[in-house]
Structures are given as C-alpha cells and as structure tokens.
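# Examining the three-dimensional arrangement
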Amino acid sequence: MKRVGVLALQGAVREHVRMLEELGCQTVLVKHKEHLEGLDGLILPGGESTTMRKLLDRYELMGPIRSLAQKGVPMFGTCAGLILLAKEVVDHDPHLAVMDVVVARNSYGRQVDSFEVNLNIQAIGEAIPAVFIRAPHIVSVGEGVEVLAEHDGKIVLARDGHLLGCSFHPELTTDLRIVKYFVTTMV
Amino acid sequence: MKQTGTELVKRGMAEMQKGGVIMDVINAEQAKIAEAAGAVAVMALERVPSDIRKAGGVARMADPRIVEEVMAAVTIPVMAKARIGHIVEARVLEAMGVDYIDESEVLTPADEEYHLLKSDYTVPFVCGCRDLGEAARRIGEGASMLRTKGEPGTGNIVEAVRHIRKVNAQVRKVVGMTEDELMTEAKLLGAPFELLREIKKLGRLPVVNFAAGGVATPADAALMMELGADGVFVGSGIFKSENPEKFARAIVEATTHYKDYKLIAEISKELGVPMKGIDIAQLSQSERMQERGW
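As annotated in an unreviewed UniProt entry, chain B carries the name Pyridoxal 5'-phosphate synthase subunit PdxS and is attributed to Lysinibacillus mangiferihumi. The heading Catalytic activity (unreviewed entry) in the UniProt record of chain B holds the text "aldehydo-D-ribose 5-phosphate + D-glyceraldehyde 3-phosphate + L-glutamine = pyridoxal 5'-phosphate + L-glutamate + phosphate + 3 H2O + H(+)". What the UniProt record of chain B gives under Pathway (unreviewed entry) is the line "Cofactor biosynthesis; pyridoxal 5'-phosphate biosynthesis."

With an unreviewed UniProt entry as reference, chain A is termed Pyridoxal 5'-phosphate synthase subunit PdxT, source organism Lysinibacillus mangiferihumi. The UniProt entry for chain A carries the following text under Subunit (unreviewed entry): "In the presence of PdxS, forms a dodecamer of heterodimers. Only shows activity in the heterodimer." Under the Pathway (unreviewed entry) heading, UniProt states for chain A: "Cofactor biosynthesis; pyridoxal 5'-phosphate biosynthesis."

Quick look at the structure:
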C-alpha cells in the first residue's frame, strides 16, 4: 500500500485524505517533521499559502520537506500547494522553491472572480471539473517541465519530473482523475 | 463554460480556510499584524465587538475607506460585516470586491423578519447560528459558511461552547435518524427538509462551521477545535489583549495543534493579560447579540 502524506497545517486536508483513501492509499497527516518518515509521496493542499508558510517555519518543516523533494519523493501541490512548490513567486519570496516554475498569486482577481470550468487534459482525460478559488497561475516553466493544462492562455497544471502542481482544487470535486494520475503514475 | 459565484466556488472558499484563524481588524496596521501572525483571513471592521458594546447606538457596516485600506494592506482574504437583512450594505461590500460577507448579529439588524437571500450574490456569506435549525435556515438562504454566534465582545467562551455542542449534537441526531423521521425533525427544527437529508447523507453539515464569539486565549481556540469547529474567528480577543502580536501567533498555533497540549502550554506562557471578560449573566436581554437573527 502506498503511503502518502497530506500537509495538515491548514486548508483542504480532509478532502485530499478522502480522495487518497478512495484510491487505496494509506494517509498520514503531516504536522511535524516526524510525520514525514517513510512517505512515498506528499500532497500540499489548498489553503492560505502565507499561513502555511508561517507554520512551516515555526515547526521547522521547510528544510525536511525541501530535502525530500530534492531526494525525489513525489509531491503534488494544489493552489496554495503549487505556490509553496514554485521556484519563483512573482512579487513575493519563494517558499520550498523546488519546482521549476514561476507562479503568480491571485491571478484571477478576488473571490467574486473565482470560478469553475471543465478542462480537457490530454494526459489525463476530458471534461475534468476544475475549481479556481483566488487562484494562482503558472507564468512560465523551466526546461523539461511538461505543461499539462492551460485555461484562457494561462498554464494551470504542470509536471516537473516527480513534482506536480495545479492552480485549481481537484480535491473539492468528486472527480478522482487528477489525484489518481499523481498516485498511479508518479508515486 | 466558465462560471463564477457557484455554490461550489463559494463553499470551496470557506473550505480553504479550515483549520485557520480569522481575525477582526480595524485598520491596515492591525491587518498586517494578523497576516504576519498567520491568520487565514481578516474581518475589516470599524470597531471590534467589545467597543461596539461600549459605544452603544446603532452599529452599521464599516466605512468603505477602512475596508479598502485593509484590502490594500494584505494578500489574504478580507471579510466584512453587513447588517442582518441589509441588502444594500451587502451589495456595496460585494461591489467593493470583499472576499466574504458576514451577515452579522454584531451589527444592529436592519430587518427583524428576513435575512438576506444569499444565494442571489456572487460573493459568499458567513452567518451565525446557535442550533441546527438556525444553521439550516441560513444554508437554505445560501450561506456558504457558518459560525457559532457565541456572545461577541465578551471574552467569555461559554456561549460559543453551548452553540457548537448544540449544533453538533443535533447533526449527530439527524445522521442517526431513519429517513422517515426526518420530516418531523425538519418541522421541529424549522429546518429545510432537503438539507436534513443532505446532512444525513454526508454525515456532517454541507458547509464549514467555525467557532466565534468569546475566544480570548489559545486554549479557548483549541477547545473550540476539540469540540468540532472547523476553525476559529477571533474578534476582540487579539487587539484588546496586552500583546496582540503574541496572542495572534499563539492562537494560530493552538488552532493548528489543538491536541498538542504541551505545545499549547509552551505558547501560552507569559502572553500578558488577555482581554477583560464579561460574565454573560450580567448582560441584559437587549445586550445579548446572539438573540439577534431568526
């Protein structure tokens, strides 16, 4: 059984746990560095990236998570999680800085501009529901980074080897395909 | 096709706040302190509830200048309060691009019979509740998030505890009922029948439920999480304490690590004096904000 952690400082934790369990994974809530031991993969959920960053610092999780990513442990960041993974964040300091993408925060405006849309993602499937909430987007990607989905000319899902990041929240829907893609092809 | 203001988008926004602390602030400086402490959102107000109590008179939506100032100061979401039933205050806040509106009993109600039809708006709403009937009526009107009412501005957790226990006990009861018992329960609670069916199916409320009203210490915040709240609103408790930065940080940490009692002991050391509390029994009926709303 694959053992997948979900960073559980704040945000859409229970949604990811539910999806991982439906996909037959063993889940671990990651609040302290001890919880990172023996993980086959890690999900960084949606939430508030500034809040998560403060707590990552206070509980000395930044270094350990970064070194896991550098060792090749697969990680998937959704929305705030994508911001945490990105090597560069427009107008802000980066966080884990492991995924070779440049990300802009709140790219679509405030909450009244938040939206849902169906995406066709060649590598994964057709009409995948995507919920964008005060969402970031990927401005540019480094060499070797695969762009998996775009919406309105903006990159919203990309894969950098063992790291996957998206602007939206697959965890808010009942469609398992994107998380399944992560679990089956990357973990 | 791209759709804004859907139920999923509005409820989803609240899902992203889970496990976090939303703090009342009255200016840009306080908003920055809250953000630096790790708040997941701020509530922009003209006065915190304890000052609303002191000032008396009619409490209204904040000056839009204050809301704007707070929105410009932070990158985390900004909420603001409109009076119960005040359609125009709510529309004004929506037009300003506020991320969430609290249809709040902390302000003087504008309508003593009807709440806002919140499903009509693109912006999501949070509303207070004391029991499942009230919670379900607010969800029925389109609230995307709930919070217990507590007794705001008192620094006394007793009412918030009463309300979260009540709501959760009633949810457990509905979940345990058979289908044929739900209609009578809906009648007794004054709750929409379809919502009770949904609660039974989900095994919980269909929206996030935060605790609010009277949270003054890290232990109070952790207590509300222990009792099943999805997160915590702190009103007067932070900026009416002796050391707002330390209180704010400690309350954020206690909310995340609410079962880690050693850690809560550590972060509660030498915090200084919390806000001065009020015994609820000393409040007259007309001073009890939780009675507002129907």
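## Re the layout of surface pockets
By volume, the largest pocket amounts to about 650 Å³. What lines the largest pocket is a set of 28 residues, among which A:R14, B:K18, B:G228, B:A229 and B:D230 lie closest to the centre. Listed by contribution, the elements that provide at least two residues to the lining of the largest pocket are α1 (13–22) of chain A together with α7 (158–176), β8 (208–210) and α12 (244–256) of chain B. Along the lines of polarity and charge, the residues of the lining of the largest pocket split into 13 nonpolar, 9 polar and 6 charged. Considering only enclosed or pocket space, the second largest pocket measures out at about 450 Å³ in volume.

## Section: the side chain of B:S104
Tracing the backbone shows B:S104 in strand β5 (residues 100–104). In this structure B:S104 touches B:K81, B:A82, B:I84 and B:R147, once residues within four positions along its chain are discounted.

## Considerations on the sheet that holds strand β4 (residues 78–83) of chain B
All names here are of chain B. Strands sit in the order β8-β7-β6-β5-β4-β3-β2-β9 across an open sheet of 8 strands; the sheet is parallel. Each end of this open sheet is capped by a strand with a single partner; those strands are β8 and β9 (232–234). When strand polarity is set aside, the average angle formed by the axes of neighbouring strands in this sheet is 30°. The sheet contact formed by strand β2 (residues 21–25) and β9 spans 3 bridges and is parallel. Considered in β9, the bridge of I22 is made with F233. In the packing of α12 onto the sheet, contacts are made with β2 and β9, and the angle to β2 comes to roughly 155°.

## Some words on the interface of chain A and chain B
Contact with chain A, which involves 38 residues of that partner, is made by 44 residues of chain B. At the boundary of chain A with chain B, the tally comes to 6 salt bridges. Of the charged contacts, one joins A:R134 and B:D99 as a salt bridge, the two residues approaching to 3.1 Å between their closest N and O atoms. Where chain A meets chain B, there are 21 residue pairs in polar contact (both at pLDDT 80 or more). When contributions to the side of chain A that touches chain B are tallied by element, the ones reaching two or more residues are α1, α2 (49–58) and β7 (115–121) of chain A. It is α2(A) that contributes the most residues to the side of chain A that touches chain B, 5 residues altogether. Both β7(A) and strand β1 (residues 3–4) of chain B contribute to a ladder of 2 bridges, which runs antiparallel. The residue bridging A:E116 from the neighbouring strand is B:Q3, located in β1(B).

## Some words on the side chain of A:S114
Among the secondary structure elements, A:S114 is positioned in the loop between β6 (99–104) and β7. With residues near it in sequence (within four places) discarded, A:S114 still touches A:F132, A:I133, A:R134, B:Q3, B:T4, B:G5 and B:V9.

## A closer look at the UniProt feature "binding site: L-glutamine" (unreviewed entry) in chain A
What UniProt calls "binding site: L-glutamine" (unreviewed entry) maps, in this numbering, to A:G47, A:E48, A:S49, A:R105, A:I133 and A:R134. Considering the C-alpha atoms alone, the annotated residues occupy 88 residues of sequence yet fold into one spot, their largest mutual distance being 12.7 Å. Lining residues of the second largest cavity drawn from the annotated set just named are A:G47, A:E48, A:S49, A:R105, A:I133 and A:R134. Among the secondary structure elements, A:G47 is positioned in the loop between β3 (41–44) and α2. Residue class for A:G47 comes out buried when judged on its relative accessible area of 10%. In contact with A:G47, other than residues within four places in its own chain, are A:Q10, A:G11, A:M52, A:A80 and B:M16. Assignment of secondary structure puts A:E48 in the loop between β3 and α2. A relative accessible area of 8% places A:E48 in the buried class.

## Comments concerning the packing of aromatic side chains
Considering all chains together, one arrives at 7 aromatic pairs over all chains under this definition. Measuring from centroid to centroid gives 4.5 Å for A:F115 and A:F132, while their planes differ by 10°, and the two rings are stacked. Taken together, the residues A:F115 in strand β7 and A:F132 in strand β8 (residues 125–132) connect sequence positions 17 residues apart. Neither A:F115 nor A:F132 differs from the other in exposure class; each is buried. Lying across the ring of A:F115, B:K2 places its NZ or CZ 4.4 Å from the centre.

## Regarding the UniProt feature "active site" (unreviewed entry) in chain A
All names here are of chain A. Residues annotated by UniProt as "active site" (unreviewed entry) correspond here to C79, H169 and E171. Over a stretch of 93 residues, the named residues converge on one spot in the fold, their C-alpha atoms separated by at most 10.6 Å. As for the annotated residues, the ones lining the second largest cavity are C79 and H169. Locating C79 in the fold gives a position in the loop between β4 (75–78) and α4 (80–85). Look at C79 and you get buried, because its relative accessible area is 5%. Apart from residues lying up to four places away in sequence, C79 is in contact with G46, I133, A135, P136, C166, S167, F168 and H169.

Quick notes on the rules
- Residues numbered from 1 in each chain as written.
- Chains lettered and ligands numbered in written order.
- Predicted model: local features only at pLDDT ≥ 70, side-chain atom pairs only at ≥ 80, totals over all residues.
- Heavy atoms only, no water.
- UniProt positions renumbered as here; feature names shortened; annotations may be inferred.
- 1 Å grid on protein atoms, 1.4 Å probe; cavity = no way out; pocket = protein on both sides within 12 Å on 5 of 7 lines; lining within 4 Å.
- Points joined across faces, edges and corners; volume = space filled by probe spheres on them.
- Helix = DSSP H or I, 4+ residues; strand = E, 2+ residues; numbered from the N terminus.
- Nonpolar A, V, L, I, M, F, W, Y, C, P; charged D, E, K, R; others polar.
- Contact = heavy atoms within 4.5 Å.
- Pairing = 2+ DSSP bridges.
- Axes fitted to C-alpha atoms, helices over the stretch in contact; angles between N-to-C directions.
- Salt bridge = Lys/Arg side-chain N within 4 Å of Asp/Glu carboxyl O.
- Polar contact = N/O pair within 3.5 Å; in protein donor to acceptor, adjacent residues only side chain to side chain.
- Buried < 20%, exposed > 50% of the residue type's maximum accessible area, 1.4 Å probe, protein only.
- Phe/Tyr/Trp six-rings, centres within 6.5 Å; stacked < 30°, edge-to-face > 60°.
- Lys NZ or Arg CZ within 6 Å of the ring centre and 35° of its normal.

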